[in-house]
Amino acid sequence: MRNAVLLKIGGMRLVLAQADVRSLESVMDIDPADCPQGSVGWAPYAGQRWPAYCLGEGLLLLEPIPAARRVCALLALPQGYLGVLCDEARTLVDFQEASFEIPACMYVAQSPISGLRMVEEGLACVSDAGRLSAYLQQTSVVHNAEVL
């Protein structure tokens, strides 16, 4: 991963390849009307609307959106985009820190986290758009079942 994007979500730092992050939009542009299950609304991009999700500690889905979430990172997927709300986002240029495997005691099945990396602020989780999309789809179904 040469260039990366660091998303700050509450106390968590999440590193994604820069190629996975298509755009950074304002949370103010999120439309909450008739949103898909588990999402907080629709993020407009490229003339269409894409589902936007808000994660909290432990990667749990949050509703309503915390005031600290100001940015919607639109992640590129083969079939379109999906938004992940974050407090801050910044580019890490020539990011060549080594990635570490997740210790066995921290491993969680179906987690979107594929590894750990050191950043200036400390330890960050590593993921990618595909893993986050699969996780959000699965978590949205479980979240919706719990709400019902």
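Structure: above.
Residues numbered from 1 in each chain as written. Predicted model: local features only at pLDDT ≥ 70, side-chain atom pairs only at ≥ 80, totals over all residues. Heavy atoms only, no water.

S.K.: Looking at this structure, I do not really get the overall build of the chain. What am I missing?
M.R.: When helices and strands are tallied, the chain shows 1 helix and 11 strands. Here the C-alpha radius of gyration of the chain, 15 Å, is about what a compact globule of 148 residues would show, namely 15 Å. For the chain, the C-alpha atoms occupy an extent of roughly 40 × 35 × 30 Å along the three principal directions. Burial analysis of the chain (148 residues in total) assigns 43% to the buried set. Considering only contacts within the chain whose residues lie at least 6 apart along the sequence, 52% involve residues at least 24 apart. Accessible surface, the chain as shown: approximately 7,900 Å² in total, 55% of it carbon and sulfur. The averaged location of the 16 negative side-chain charges in the chain is 4 Å from the averaged location of its 10 positive side-chain charges. (Helix = DSSP H or I, 4+ residues; strand = E, 2+ residues; numbered from the N terminus. Rg over C-alpha atoms; globule rule 2.2 N^0.38 Å. Buried < 20%, exposed > 50% of the residue type's maximum accessible area, 1.4 Å probe, protein only. Contact = heavy atoms within 4.5 Å. Areas by Shrake-Rupley, 256 points an atom, 1.4 Å probe, with all protein chains shown as cover. Lys, Arg positive; Asp, Glu negative; His and termini not counted. Charge placed at Lys NZ, Arg CZ, Asp CG, Glu CD.)

S.K.: Help me understand the packing of aromatic side chains in this model?
M.R.: Working definition: an aromatic ring pair is given by the centre-to-centre distance plus the angle between the planes. Taken as a whole, this structure holds 2 aromatic pairs when the rule is applied. On the numbers, 5.2 Å between centres and 80° between planes, the contact of W50 with Y81 is edge-to-face. Of this pair, W50 sits in strand β5 (residues 48-54) while Y81 sits in strand β7 (residues 80-86), placing them 31 residues apart in sequence. Take Y81: its relative accessible area is 22%, and that puts it in the partly exposed class. Here the aromatic cluster, defined as three or more aromatic residues joined through ring pairs, consists of Y45, W50 and Y81. (Phe/Tyr/Trp six-rings, centres within 6.5 Å; stacked < 30°, edge-to-face > 60°.)

S.K.: What exactly am I supposed to notice about the side chain of D87 here?
M.R.: Mapped onto the fold, D87 is located in the loop between β7 and β8 (88-92). Setting aside anything within four residues of it in sequence, one finds D87 in contact with K8, I9, G10, A68, R69, R70 and V71.

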